Amino acid sequence: TFQRADATVITSSLTLAAGARATVRPATLAGLAQAEFSTRVDADALVVADRTMQWDGSAYGSHAEASVAAPATTWFFAEGATMGDFDLFYLLQNPGATTSEVEVTYLLPAPAAPLVKRYTVLPGSRFTIWVDQEDARLAQAEVGATIRVVTGSPIIAERSMYRSLPGTAFGAGHNSAGVTAPATSWFLAEGATGAYFDLFVLLANPGTLDAAVDVRYLLPDGTVVSRSYIVAAQSRSNI
């Protein structure tokens, strides 16, 4: 089921054989050739659904993300940037039958106070927030967010971030679903630095108390490098 930004719903069905894999190309379906939409996949047996998106006819850019199992009333994001050549989007899907009133708390680096805005997401629709254009305080910023349903159906929230290069719109990009709860421990297996790679760890503190954070960097030879940080309440921090 494809849910467009204008609340138009388009359905398509297929039979997926046991032990098989199928590709669905929404752009080939009537009503989706030029559209913004979210997707809901329902099956009568256990399946796995991922999404890959490419842009421009040459497909010079792409990103992918796994699906989430269920909507939720709260989503959290630590990563986000609008400064320079970055464009930041939050994508909200309301698969339910009632309108969702959604409150987004934009978390900025301390000592800046968070910024709160509200949005209405119609049932069976997808809603796009272009963060760069939401407020002057968000136009050139590092941003995290808490996205909360105030009333109505639970939603799904994702973040897309793009960086344009000279002569190339959206020359790089990535996408990720949010997480539905903060935690006191997080693990990141990937990481590399040096002449080629730049590595950033993004921390968001949606709570009302400052967080003392210990980060342990694990090297291939077993060496551990430890550092401590303070992430102020309702702020976003960048390492």
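Look up: the structure comes first, before these words.
Residues numbered from 1 in each chain as written. Predicted model: local features only at pLDDT ≥ 70, side-chain atom pairs only at ≥ 80, totals over all residues. Heavy atoms only, no water.

**Q** Any chance you could explain the overall build of the protein chain here in plain terms?
**A** Looking only at helices and strands, the protein chain features zero helices and 17 strands. For the protein chain, whose C-alpha radius of gyration is 19 Å, the value lies close to the compact-globule estimate of 18 Å for 239 residues. When the backbone C-alpha atoms are referred to their principal axes, the protein chain occupies close to 50 × 45 × 40 Å. When the 239 residues of the protein chain are sorted by exposure, 31% land in the buried category. The long-range fraction of contacts in the protein chain, counting pairs at least 24 apart against all pairs at least 6 apart in sequence, stands at 68%. Distance from the positive charge centre (15 side chains) to the negative charge centre (22 side chains) of the protein chain: 2 Å. (Helix = DSSP H or I, 4+ residues; strand = E, 2+ residues; numbered from the N terminus. Rg over C-alpha atoms; globule rule 2.2 N^0.38 Å. Buried < 20%, exposed > 50% of the residue type's maximum accessible area, 1.4 Å probe, protein only. Contact = heavy atoms within 4.5 Å. Lys, Arg positive; Asp, Glu negative; His and termini not counted. Charge placed at Lys NZ, Arg CZ, Asp CG, Glu CD.)

**Q** Explain the sheet that holds strand S1 (residues 2–4) here, please?
**A** By way of backbone hydrogen bonds, the strands of a sheet pair with one another, either parallel or antiparallel. Taken together, the three strands give an open sheet; going across it, the order is S2-S1-S3, and neighbouring strands pair in antiparallel fashion. Looking along the sheet, the strands with just one partner apiece sit at the ends: strand S2 (9–10) and strand S3 (37–39). Bridge count between S1 and S2: two bridges; the pairing is antiparallel. When the sheet's bridge partners are listed, Phe2 is paired in S2 with Ile10. (Pairing = 2+ DSSP bridges.)

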